[in-house]
Amino acid sequence: MKVDSLDAVGDHSHAQDVARAMIAFVKPEGGYGHDVYNVAQDEAMTLGQLLEMVRDLEPGLTWEMAPAPECDIAADPRFSGGR
């Protein structure tokens, strides 16, 4: 995997969790009376931390630094902080 930064910060979500939330919101009993929902972990972490966490689950995972146009994951440099 190629990345351009390990320092980008985000509140990362698992696609399956997002899909479950979307299904819950469209069910008749799932409406919670809001116009906007934030489906997230509420915990900011760097891309480097996220990759290390994934590597714990998939020991063969490797990554290398590369220029953004060549990356599988390119970070938005505006997101370097957190909460």
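Preceding this paragraph is the structure being described.
Throughout what follows, the structure given in this document is the object of discussion. All values derive from a computational prediction rather than experimental measurement.

Attention shifts here to the overall build of the protein. Scanning the protein from N- to C-terminus turns up two helices and four strands. The N-to-C order of helical and strand elements in the protein reads β-β-α-β-α-β. Within the protein, buried positions represent 18% of all 83 residues. Long-range contacts, defined as pairs at least 24 residues apart, comprise 80% of the intrachain contacts of the protein with a sequence gap of at least 6. If you sum the accessible surface of the protein, you get close to 6,400 Å²; carbon and sulfur atoms cover 55% of it.

Turning to helix α2 (residues 47–57), a few remarks are in order. Buried within α2 are the following residues: L47, G48 and L51. Summarising the axial view, the buried residues of α2 lie within an arc of 100 degrees, below the 170-degree limit, and thus occupy one face. Relative to its buried face, α2 has exposed residues pointing more than 90 degrees away, namely D56 and L57. Where α2 is buried, its residues touch β1 (2–3) and β3 (45–46).

Scoring rules and cut-offs
- Residues numbered from 1 in each chain as written.
- Predicted model: local features only at pLDDT ≥ 70, side-chain atom pairs only at ≥ 80, totals over all residues.
- Heavy atoms only, no water.
- Helix = DSSP H or I, 4+ residues; strand = E, 2+ residues; numbered from the N terminus.
- Buried < 20%, exposed > 50% of the residue type's maximum accessible area, 1.4 Å probe, protein only.
- Contact = heavy atoms within 4.5 Å.
- Areas by Shrake-Rupley, 256 points an atom, 1.4 Å probe, with all protein chains shown as cover.
- Arc of directions from axis to C-beta.

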